[in-house]
Amino acid sequence: MHKHGMKVLALLATAGLLVGCTSRVDDESALSAPDTRSVVKGGHARIAIQTDVDFLDPARANITASRQVFLAICERLYEVQTDGSFAPQLAAADPEVSADGLTVTIPLREGVVFNDGTPFNAEAVKANLDRARTWDRSLRTIAKNLIKSVDVVDVYTVQLTLNHKYSPITAELGDYTGLMASPTALKASGDNFTNSPVCVGPFEYTSRAPGDNVVVTKSDRYYDKAAVNLDTITFKVVTDPNARAANVESGDLDIARVVEPVYTRLKNATNVRPIKVPGEGYLGITFNVGNVSGVGKPTGEADNVMAQHPELREAFASALDRQALSKVTTNGEVPAGCSPIPESSVYALGLDCPEPEIDKAKQLVADSGVATPIRLKLNVSNAADSLKTAQVIQAMVKEVGFELEIVPGDYIANISTGQSGNFELLQVGWAGRSDPTGNILFKTGDANNYAGYSNPEADALIEAASQTLDIEERKALYRKAVETLSADNVFIYLAELAFFFAADKDFIVPEILGDLTMKVKTAGFTSAQ
Amino acid sequence: MVKFVLNRLLAALAVLFVATLLVFLGVRALPGGPALALAGDNPTPEILAQINRQLGLDQPQPVQYWNYLVQLLSGDFGRSTATGVPVADLLALRVPVTLQFAFAAILVGTVIGISAGIISAAKKGTWLDNTVSVVSLIGLSIPHFWLGMLLILLFSINLGWVPASGFIPFTEDPLGWLKSIAMPAIALGVGLAAVLMRQSRSALLGQLGEDYIRTAKAKGLRGRTQVRHAARNSMTTVITVLGLQLGSLISGAVVIETVFVLPGFGKLMIDSINSRDYPVVQAAVIITVAAYVVINLLVDIMYALANPRVRVAGAGE
């Protein structure tokens with residue numbers, strides 16, 4: 001599943017693709033909080049990934065599993081930090097952005113070679129960025145639309161010319177676009193780079209058994225190889241969450257993502273360490289108000305009662321108790337939320353979540369003149385905890401006159417439903433991104449604006465925010481945009497995200513990010529295997 | 001006999017052809033497609049169109065179907081849209097895994113099921129018969145996946161005797177191989193054993209009540225020899241049931257491979273459906289249909305060999 005592609009929620013579990021960006025590991029286990037044990041050199045780690053990787057090619061990869069493997073074998077120009085900021089990785093310093101915002105100059109780290117011995121320099125960066133923005137198979141849409149040209153200033157300096165101002169440029173270069181592949185390998189393998197990827201990384205690609213595993217081995221050419229502990233890592237594809245949990249408990253895996261009930265159960269385990277990682281996305285409900293012929297096409301008034309009666313959307317929102325939802329569905333482990341940007345982010349909007357107002361909701365329903373029960377269809381992911389969330393919502397809104405029919409579908413089906421506009425209500429989870437631009441999805445024409453929402457005022461605010469560098473200014477703009485959306489009750493934010501892991505008690509991963517990736521460079525075992 | 005087999009082969013080809021059309025249409029009837037799975041976080045109409053063009057999915061469906069048939073007849077299943085790996089390579093990796101543990105499951109199922117059925121019939125009405133019947137009822141009632149999880153809990157987590165997941169090739173480590181398929185084979189084979197036990201018991205009891213057994217008994221045939229004579233004749237029913245159950249093993253394998261994380265054919269099918277990987281889904285379904293057809297053909301032939309009236313009737317159709 002996709003890192004950012006987890007649009008339709010597999011709430012916090014199986015689909016496993018709700019991903020955001022960085023977040024700090026919040027290890028609540030008495031066994032390991034915080035874990036400062038030293039790590040020995042050597043060892044073979046077995047890390048579960050929830051799906052097979054798609055393409056181990058920076059220009060084509062899109063799913064979380066690929067991102068997890070890339071973090072071991074392929075470094076980026078900028079690396080996301082646990083607080084959501086970005087630090088230079090293969091770049092030597094933060095980018096210098098010109099006054100007009102259209103020229104970005106990036107100094108590069110010196111003395112680095114790819115794992116095939118090819119020198120890393122400005123020519124290599126240009127080859128990668130040119131490939132991302134011009135190759136017809138490239139899926140790097142932002143790079144394609146944003147980067148006008150890439151020029152080599154000197155051996156270790158590269159300059160990008162942009163088509164328009166874009167404040168999250170560092171975030172973009174800290175994502176797939178910033179992954180640097182060996183130009184020699186790109187030239188040699190062409191379209192088949194995915195079969196034998198070569199990058200700069202603490203580990204190098206060794207083998208892949210499609211659908212089963214990817215094996216990587218410690219690199220001898222890595223510039224910081226002294227910091228690397230493990231000899232090899234096997235990324236093992238384990239799709240079923242129960243199987244993942246059982247395999248960690250039996251010692252057949254060293255770390256795996258699990259679901260919340262398992263996390264809670266493992267708090268008392270002696271051989272396994274439960275870990276909670278805050279995400280940077282959100283859970284919510286989208287009303288189809290204007291998606292009449294598909295995303296990207298002209299909007300209109302959708303043919304459903306909620307589109308035609310804004311007061312009913314307000315009534316629906318007023319009937320929801322976010323705190324109760326969190327407690328019932330996740331034992332309170334996943335925090336309630338009412339914003340697309342989580343409170344842990346430096347861009348947190350500080351919005352107060354409204355308390356449920358049942359009487360007001362009932363009055364609004366009565367005032368609408370629509371006969372009750374008001375029958376609606378709610379499309380949801382078929383993941384167990386997603387269905388559980390839907391059932392709790394179903395019970396909450398029934399009290400004020402709504403009768404929800406839950407329509408489960410798999411991940412792709414729900415994206416398709418959202419895109420086509422063939423729905424009334426859609427329970428949506430968004431993986432989230434480190435930069436808030438990636439979480440604000442209600443701009444007119446946005447590919448993820450399933451609601452068909454179109455508000456020129458909100459559009460102007462979002463556009464202005466994406467071109468503003470100052471954090472406080474951007475926060476203010478996003479806050480206004482979200483308040484505009486909330487006033488229209490087109491999208492109801494319900495919760496933030498959190499991810500749960502189980503790890504062998506002797507296996508330490510210093511950082512797990514909110515996009516489910518692990519910084520395996522310094523991971524290791526507390527004792528020799 | 002040759003005519004009988006030829007008739008069955010022609011019917012099998014017709015079934016396979018219809019299957020290609022049904023799976024082609026069926027997979028495209030699923031909401032969403034490969035482009036949505038590949039487009040990531042920004043599935044704009046332009047990106048979706050670009051991916052569809054690259055995959056040839058922008059062409060009219062009759063053209064796509066024709067291309068698919070031509071490709072299939074030339075022995076090429078195409079490439080996975082999700083990973084770019086040739087489908088034939090995926091099948092070559094996955095099918096042997098499933099075959100190995102499925103045959104182990106059949107072994108478990110037939111040995112336990114038929115033996116228990118014969119014992120139960122021979123000891124009809126005794127405590128042994130009643131015990132076997134109850135055990136078989138439990139075996140029938142337990143879902144594969146639940147039994148699998150129980151086995152993992154007991155033998156992997158608590159006792160640590162066998163790995164909870166994964167597959168080790170026989171050529172790498174024979175003992176490891178045995179350990180890796182033991183639990184999946186038991187989890188899958190128990191249901192089969194229960195069915196075969198009940199069928200073989202019922203068939204054998206039917207045979208033991210036949211006139212020829214009564215006559216043999218009147219001539220002084222002893223109990224164990226009676227059962228041996230009757231058991232052979234009851235096997236036609238058991239073979240038929242076994243053939244039908246082999247088909248259900250494929251569906252059972254889908255679940256078992258997910259629980260035990262076996263990189264087999266069933267898991268490949270599920271994963272490819274989830275990612276709308278049309279070439280893999282199509283190939284997997286065709287292989288499954290072909291397996292059903294071959295199994296049924298073999299059952300027909302075995303049935304005909306066991307009962308000459310069948311091949312005479314079949315050849316005359």
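Here the structure is a predicted model, which is why all the values come from computation and not from measurement.

Asker: Go over the overall build of chain A, please, and point to the residues and values.
Answerer: When you go through chain A residue by residue, the secondary structure sums to 15 helices and 18 strands. Against the 2.2 N^0.38 benchmark of 24 Å for 529 residues, chain A shows a C-alpha radius of gyration of 23 Å, consistent with a compact globule. Expressed as lengths along the three principal axes of its C-alpha atoms, the size of chain A is roughly 75 × 55 × 40 Å. Within chain A, the fraction of its 529 residues that count as buried is 63%. Look at the contacts in chain A between residues 6 or more apart in sequence, and 70% of them connect residues 24 or more apart. As presented, chain A carries roughly 18,000 Å² of accessible surface, and 48% of it is formed by carbon and sulfur atoms. For chain A, the centre of its 49 positive side-chain charges and the centre of its 67 negative side-chain charges are spaced 4 Å apart.

Asker: So what's going on with the interface of chain B and chain A? Residues and values would help.
Answerer: Chain B puts 42 residues into the contact, and the matching count from chain A is 43 residues. At the boundary of chain B with chain A, total buried surface from both sides reaches about 3,300 Å², with 57% on carbon and sulfur atoms. It is Leu36, Asp41 and Thr83 of chain B in chain B that bury the most area against chain A; as a group they hold 17% of the surface buried on that side. Connecting chain B to chain A are one salt bridge. Taking the shortest distance from any N to any O, the salt bridge between Asp410 of chain A and Arg276 of chain B comes out at 2.9 Å. Between the two partners, chain B and chain A, sit 13 residue pairs in polar contact (both at pLDDT 80 or more). Looking at which element gives the most residues to the side of chain B that touches chain A, the answer is helix 3 (residues 45-55) of chain B, with six residues. For the side of chain B that touches chain A, the per-class residue count stands at 22 nonpolar, 15 polar and five charged.

Asker: So what's going on with the confidence of the model for chain A? Residues and values would help.
Answerer: Mean pLDDT over chain A stands at 88; residues scoring 70 or higher make up 93%. Across residues 1-33 of chain A, where pLDDT falls below 50, the model places 182 contacts with residues more than four positions away in sequence or in other chains.

Asker: Explain the pattern of salt bridges residue by residue, including any values.
Answerer: Residue and element names in this part refer to chain A. Evaluated as defined, the whole model comprises 28 salt bridges over all chains. The partner of Arg265 in a salt bridge is Glu249, with the nearest N and O atoms 3.0 Å apart. Of this pair, Arg265 sits in helix 7 (residues 260-265) while Glu249 sits in helix 6 (residues 241-249), placing them 16 residues apart in sequence. Exposure remark for Glu249: the relative accessible area of 17% places this residue in the buried category.

Asker: Go over the pairing of strand 13 (residues 374-381) of chain A, please, and point to the residues and values.
Answerer: Residue and element names in this part refer to chain A. Judged by how many residues are buried, strand 13 sits mostly within the fold: six of eight residues are covered. Judged from the eight bridges that link them, strand 13 and strand 14 (residues 402-409) form a sheet pairing that is parallel. In the strand pairing of strand 14, Arg375 is matched with Glu403. Regarding the hand of the β-α-β motif, the stretch spanning strand 13, helix 12 (residues 384-398) and strand 14 is right-handed. Examined bridge by bridge, strand 13 and strand 15 (residues 425-430) share two bridges and lie parallel to one another. Across the sheet, Asn379 pairs through a bridge with Leu426, a residue of strand 15.

Asker: I'd like a rundown of the sheet that holds strand 5 (residues 103-107) of chain A, residues and numbers included.
Answerer: Residue and element names in this part refer to chain A. Pairing is antiparallel across the open sheet formed by four strands, whose spatial order is 4-5-7-6. Sheet topology places strand 4 (96-97) and strand 6 (147-154) at the edges, where each strand pairs with a single neighbour. Relative to strand 7 (residues 157-162), strand 5 is paired through five bridges, and the arrangement is antiparallel. Across the sheet, the residue bridging to Thr105 is Gln159, located in strand 7.

Asker: Explain the side chain of Asn213 of chain A to me, and be specific about the residues and the numbers.
Answerer: Residues and elements named next belong to chain A. Turning to its location among the elements, Asn213 is positioned in strand 9 (residues 213-218). In terms of polar contacts, Asn213 uses its side chain to reach the side chain of Asp212, at 2.9 Å. Ignoring anything within four residues of it in the chain, the contact list for Asn213 reads Ser207, Arg208, Thr234, Phe235, Lys236 and Val237.

Asker: For a nonpolar patch on the surface, give the residues involved together with the corresponding values.
Answerer: Residue and element names in this part refer to chain B. Together, Phe145, Trp146, Leu150, Leu153 and Val255 make up a nonpolar patch on the protein surface, roughly 440 Å² of accessible area in all. Among the elements that make up the nonpolar patch, the one with the highest residue count is helix 7 (residues 144-158) (four residues). In this fold, Leu150 is placed in helix 7.

Asker: An account of the packing of aromatic side chains is requested, with residue identities and associated values reported.
Answerer: Applying the stated criterion to the full structure yields 16 aromatic pairs over all chains. When the ring of Phe24 of chain B is compared with that of Tyr68 of chain B, the centres are 6.1 Å apart and the planes differ by 20°; the resulting orientation is stacked. Separated by 44 residues along the polypeptide, Phe24 of chain B in helix 1 (residues 2-29) and Tyr68 of chain B in helix 4 (residues 61-73) bring together distant segments of the chain. Using a relative accessible area of 2% as the deciding quantity, one classes Phe24 of chain B as buried. The lysine or arginine in question, Arg67 of chain A, covers the ring of Tyr176 of chain A, its NZ or CZ lying 4.2 Å from the ring centre.

Asker: Which residues make up the state of the cysteines, and what values do they have?
Answerer: Residue and element names in this part refer to chain A. Scanning the entire structure with this criterion turns up two disulfides over all chains. A sulfur-sulfur distance of 2.0 Å marks the disulfide that ties Cys74 to Cys199. Around the S-S axis, the bridge from Cys74 to Cys199 shows a dihedral of about -70° and counts as left-handed. Of this pair, Cys74 sits in the loop between helix 1 (64-73) and strand 2 (78-80) while Cys199 sits in the loop between helix 5 (183-189) and strand 8 (203-209), placing them 125 residues apart in sequence. Pair check on accessibility: Cys74 and Cys199 agree, each one buried. Sequence-ordered numbering of the disulfide-bonded cysteines in chain A gives the connectivity 1-2, 3-4.

Asker: Describe the packing of helix 9 (residues 211-218) of chain B against helix 10 (residues 223-259) of chain B, naming the residues involved and giving the relevant values.
Answerer: Residue and element names in this part refer to chain B. Relative orientation of the contacting elements helix 9 and helix 10 amounts to 165°, with a least axis distance of 10 Å. By the criterion of interaxial angle, the relationship of helix 9 to helix 10 is roughly antiparallel. Judged by the sense of rotation from one axis to the other, the crossing of helix 9 with helix 10 is right-handed. Across from Tyr212, Ile213 and Lys217 in helix 9, the residues of helix 10 making contact are Gln226, His229, Ala230 and Asn233. When grouped by side-chain class, the residues that make up the contact of helix 9 with helix 10 number three nonpolar, three polar and one charged.

Conventions and cut-offs
- Each chain has its residues counted from 1, running along the sequence as written.
- Both sets of labels track the order of writing: A upward for chains, 1 upward for ligands.
- Confidence filtering applies because this is a predicted model: local features only for residues at pLDDT of at least 70, side-chain atom pairs given and counted only at 80 or more, and all residues used for totals across whole chains, interfaces and linings.
- For the side-chain quantities, the full set of heavy atoms in the structure was used; hydrogens and water were omitted.
- Put simply, DSSP marks the helices as runs of H or I at least four residues long and the strands as runs of E at least two long, and each gets a number from the N terminus on.
- As defined in this context, the radius of gyration uses C-alpha atoms, and a globule is described by 2.2 Å times the residue total to the power 0.38.
- The buried label goes to any residue with under 20% of its type's maximum accessible area, the exposed label to any with over 50%, and the partly exposed label to all in between, with areas taken from a 1.4 Å probe on protein chains only.
- In what follows, a contact means two residues having at least one pair of non-hydrogen atoms within 4.5 Å.
- In this description, accessible areas are obtained by the Shrake-Rupley approach with a 1.4 Å probe, and a residue is regarded as covered only by the protein chains that are shown.
- By the counting rule applied here, Lys and Arg register as positive and Asp and Glu as negative, while His and the ends of each chain are not counted.
- Where a charge lies is defined by one atom per residue type, namely NZ (Lys), CZ (Arg), CG (Asp) and CD (Glu).
- Buried area is calculated as the accessible area (1.4 Å probe) missing from two parts once they are joined, with the contributions of both summed.
- We count a salt bridge whenever a side-chain nitrogen from Lys or Arg sits within 4 Å of a carboxyl oxygen from Asp or Glu.
- Contacts described as polar in this section are N or O atom pairs within 3.5 Å, which, within protein, must combine one atom able to donate a hydrogen with one able to accept it, while residues neighboring in sequence count only if both atoms come from side chains.
- Residue type decides the class: Asp, Glu, Lys and Arg count as charged, Ala, Val, Leu, Ile, Met, Phe, Trp, Tyr, Cys and Pro as nonpolar, and the leftover types, Gly among them, as polar.
- What pLDDT expresses is the predictor's confidence in each residue, scored from 0 to 100.
- Two strands qualify as a pair provided that DSSP identifies no fewer than 2 bridges between them.
- With the strands pointing away from the viewer, any crossover whose connection runs clockwise from the first strand over the helix to the second is right-handed.
- Patches were defined on residues exceeding 30% relative accessible area and lacking a salt bridge, with like-charge contacts within 9 Å and nonpolar side-chain contacts (Val, Leu, Ile, Met, Phe, Trp, Tyr) within 5 Å.
- Each Phe, Tyr or Trp ring (for Trp, its six-membered ring) is paired with any other whose centre lies within 6.5 Å, and the angle between the two planes then decides the class: stacked below 30 degrees, edge-to-face above 60, tilted in between.
- Each ring is checked for a lysine NZ or an arginine CZ that lies within 6 Å of its centre and within 35 degrees of its normal; such an atom marks a charge sitting over the ring.
- Defined by distance alone, a disulfide is two cysteine sulfur atoms within 2.5 Å.
- An axis is simply a line fitted to the C-alpha atoms; with a helix, the fit covers only the stretch in contact. Between two such axes, the angle follows the N-to-C directions and lies from 0 to 180 degrees.
- Any angle that falls under 35 degrees is termed roughly parallel, while one over 145 is termed roughly antiparallel, one within 65 to 115 roughly perpendicular, and all others oblique.
- Each helix crossing is assigned a hand: it is left-handed if the near helix lies turned anticlockwise from the far helix by less than a right angle, otherwise right-handed if that turn is clockwise.

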